[in-house]
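Each chain, written out:
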Amino acid sequence: MNLTNTPKNITLLLTILLTGFSLSSQIIPKKYICYKTPSAIEIDGHVYDEIWKTIPWSDFFEDIEGNSKPKPQYQTRMKMLWDNEYLYIAAELEEPNIWGYLEKHDDIIYRDNDFEVFIDPTNDGLNYFEIEINALETVLDLFMNKPYKNGGKADLSWNAKGLKKAIKIYGNINDSINEDVKWTVELAIPWAAYSSCVSGINMPTHGDTWRMNFSRVQWETEFCDGRYKKKADPETVNPIPENNWVWSPQGVINMHVPQHWGTVTFVDETTHVSNKIWTDDGYPKYWVWMGGDTNLKVRNWETIFQKLDDAGIKGFLFGGGVTLLNKVIPIAKQYDINVHAWFWTMNRGDAKPEWLSVNQLGKSLADEKAYVDYYKFMCPALPEVKDFIKNKMDELATVKGLKGIHMDYIRYVDVILPIGLQPKYGLVQDHIMPEFDYGYHPYMRNLFKVKYGTDPLDLENSGTSEKWINFRLEELNSTIDVLRDHVKSKELNISAAVFPTPRMSSEMVRQNWKNWHLDCYFPMVYHNFYNEPISWTQKVIEEDRKVVGNDSKVFCGLYLPALQNDNDLTKAINAAMIGGADGVSFFSYGALNDDIIFQIKSFTKSE
């Protein structure tokens, strides 16, 4: 917003004069497709309603001058719909300190933090409109017959007659005590409002393109004497200049350069359900594992889910407990992200010592380390272990909105490590080493003795005995049958992180998952662990697909630290999809850097 009689306009005018009206040649206007809604939208500030869920967000806003400037401190984005009466706009503004004081219509709203809409229906840089709104729902609306630099003046007599507006505050406005999260804007602008000012402006039809832009003004403030005040420059005592964050960068600090606004194309399609991020039966195609971090605030979680939503990652395998899940799921729901509890099943630090697995040498994990200190695998055959796990699952099932339980470490200790990891432990495991051959808990051995009349330790070579290996596999399978049915009785999905193929799983960790009949499998196809090329991913998934058939989903687990070069992640996702995967899962959230996100978006957001 620029008015010729304001200090802000003087600053902008000087900036433009000093630059000789030179606009960056690197600025490329953004584009957005605006879909038609089949039904009118209730304007209540809720921008996560069902009608908005399938509509793509814009890119996050940038500095008004472009990407040569630092990224905005807080994230902003918008989305749009239209029908025969209105242009609908939804916006989301991250903000830890929400404030606003201007309450009179056509106050100079950008003197508060605000959200601004610029619309040029004729695409000629003339006869355009601007609407500003602050967190109090106060509006300024104006008409420009031409930009300020061409002698234009703001016409405040124009009102967007029939405008519907609503703000929702996620926090408390004008309250410095508690940190806020964000505020959302929902607008419905009648098409008739434009024609009331300029003749010949009609509702768009399919394929029409209008020039538009969106801006956010953000001041640096401090709270004193009971209200927010703009921070002053210590040398000039004047307020520190505002931040201007926009959808389509302008190249200069001036929103009134319409030729640098973005373009919005209106289409008659009434929905935008992307088959790129959901399977036909409603599972996310893209997932990420993330451990439970108890130190993150609500605002941090908002940023995390905005990032995942922007990338098209709608599946979240989360390692937090009940308290964290209750905190996180309502936020994830706003972004239509499915949360499954990432649940360490057989390997648990809270297991009783007498439940822990025993190796061929008679050493228990209660006393002996296998590879790492946190390996505390329980004996799957023990009835008290099954009850313990079911009780833990029951706790998770109390969390409202939880979509499923994702079992990890649902196996025995690695009898054979992946070949790429063996040097880390100074090992060459070209045979079964008794100290790493687990599953010899006295209870398990007794079950075998009752069935076959002999203690497995009395076998000629228990480590390679097919009968003893299969017995342990079947005991684990039996336990999984119990756990699967228990979880399904809670109306939750059940899935598991497993080794690359059932054959490899049986040999390496005594885990034969082809007979588990779960909803989804997440084979951890970490090619570097096996000294294999990325193309190996396709072969593994092809084998898994044949084993699973069409009864369960297969989401290929990819290890992001090994996919940081060039387009390695793109190659890995392609290999998984060609192999027949239903989607992929990324290990883990901490490795989702900008380049990785860019490669993911090439799959989830390409038209």
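Residues numbered from 1 in each chain as written. Predicted model: local features only at pLDDT ≥ 70, side-chain atom pairs only at ≥ 80, totals over all residues. Heavy atoms only, no water.

K.L.:
Is there a simple way to explain the packing of helix 11 (residues 568-579) against helix 12 (residues 594-604) in this structure?
P.N.:
In a packed pair of helices, the relevant descriptors are the angle between the two axes and the axis-to-axis distance. One can describe the packing of helix 11 onto helix 12 by two numbers: an axis separation of 9 Å at closest approach and a directional angle of 35°. Crossing handedness for the pair helix 11 and helix 12: right-handed. On helix 12, the residues touching Asp568, Leu569, Thr570, Ile573 and Asn574 of helix 11 are Ile596, Gln599, Ile600, Ser602 and Phe603. Grouping the amino acids of the contact of helix 11 with helix 12 by side-chain chemistry returns five nonpolar, four polar and one charged. (Axes fitted to C-alpha atoms, helices over the stretch in contact; angles between N-to-C directions. Helix = DSSP H or I, 4+ residues; strand = E, 2+ residues; numbered from the N terminus. Left-handed = near helix turned anticlockwise from the far one by under 90°. Contact = heavy atoms within 4.5 Å. Nonpolar A, V, L, I, M, F, W, Y, C, P; charged D, E, K, R; others polar.)

K.L.:
What's the story with the sheet that holds strand 19 (residues 493-498) in this structure? I'm lost.
P.N.:
Consider a sheet: its strands pair through backbone hydrogen bonds, and that pairing is either parallel or antiparallel. A barrel is described by the order of its strands in space; here eight strands give the closed sequence 15-16-17-18-19-20-21-22, paired in parallel fashion. Strand-to-strand twist in this sheet, taken as the mean axis angle between neighbours without regard to direction, amounts to 25°. Relative to strand 16 (residues 315-318), helix 4 (residues 298-311) is tilted by about 135°, and along the sheet it contacts strand 15 (286-290) and strand 16. Where helix 8 (residues 466-489) meets the sheet, it contacts strand 18 (404-408) and strand 19, and its direction lies at approximately 140° from that of strand 19. (Pairing = 2+ DSSP bridges.)

K.L.:
Hey, could you run me through the environment of Glu491 in this one?
P.N.:
With respect to the helices and strands, Glu491 occurs in the loop between helix 8 and strand 19. Between the C-alpha atom of Glu491 and that of Ala397, which follows or precedes it by 94 residues, the distance is 8.9 Å.

K.L.:
Which parts of the structure should I look at to understand the environment of Asp59?
P.N.:
With respect to the secondary-structure elements, Asp59 resides in the loop between helix 2 (50-53) and strand 2 (62-63). Judged by its relative accessible area of 35%, Asp59 falls in the partly exposed class. Remark: the alpha-carbon pair of Asp59 and Asn593, spanning 534 residues in sequence, is separated by 16 Å. Among all residues touching Asp59, those that are not within four sequence positions of it are Lys30, Thr76, Arg77, Trp247 and Lys601. Within the local environment of Asp59, its side chain forms a polar contact with the side chain of Lys30, the two groups lying 3.5 Å apart. (Buried < 20%, exposed > 50% of the residue type's maximum accessible area, 1.4 Å probe, protein only. Polar contact = N/O pair within 3.5 Å; in protein donor to acceptor, adjacent residues only side chain to side chain.)

K.L.:
I tried to follow the confidence of the model for the chain on my own but got confused; where do I start?
P.N.:
Averaged over the chain, the pLDDT score is 93; the fraction of residues at 70 or greater is 95%. Overall, residues 1-25 carries pLDDT values under 50, and its contacts beyond four positions in sequence, including any with other chains, amount to 43 contacts. (pLDDT = per-residue confidence, 0-100.)

K.L.:
Can you help me understand the pairing of strand 6 (residues 128-134) in this one?
P.N.:
Every regular strand shows the same layout, with side chains that alternate between the two sheet faces. Counting buried positions along strand 6 yields seven of seven residues, so the element is predominantly enclosed. Alternating residues of strand 6 divide into Tyr128, Glu130, Glu132 and Asn134 and Phe129, Ile131 and Ile133, and every residue in both groups is buried. As judged from the six bridges shared by strand 5 (residues 114-120) and strand 6, these two strands associate in the antiparallel manner. Residue pairing in the sheet places Ile119 in a bridge with Phe129 of strand 6. Where strand 6 and strand 7 (residues 139-144) come together, six bridges link them in antiparallel fashion. Directly across from Ile131, in strand 7, lies its bridge partner Asp141. Hairpin remark: strand 6 followed by strand 7, antiparallel, with four residues in the connecting loop; positive phi at Glu137, about 80°.

K.L.:
Honestly, helix 10 (residues 536-548) in this entry has me stumped. Any pointers?
P.N.:
Note on helix geometry: an α-helix contains 3.6 residues per turn, so any two residues three or four positions apart are oriented the same way. Compared with an ideal rise of 1.5 Å per residue, which puts 13 residues at 18 Å, helix 10 spans 19 Å between its outermost C-alpha atoms and is within 8% of the ideal. Along helix 10, the positions that sit buried rather than exposed are Trp536, Thr537, Val540, Ile541, Asp544, Arg545 and Val548. All buried residues of helix 10 lie within an arc of 165° about the axis, which places them on one face of the element. Opposite its buried face, helix 10 presents the exposed residues Lys539 and Lys546, each directed more than 90 degrees away. In this structure, the buried residues of helix 10 make contact with helix 9 (502-509), strand 20 (520-523), strand 21 (553-559) and helix 11. (Expected span 1.5 Å × (residues − 1). Arc of directions from axis to C-beta.)

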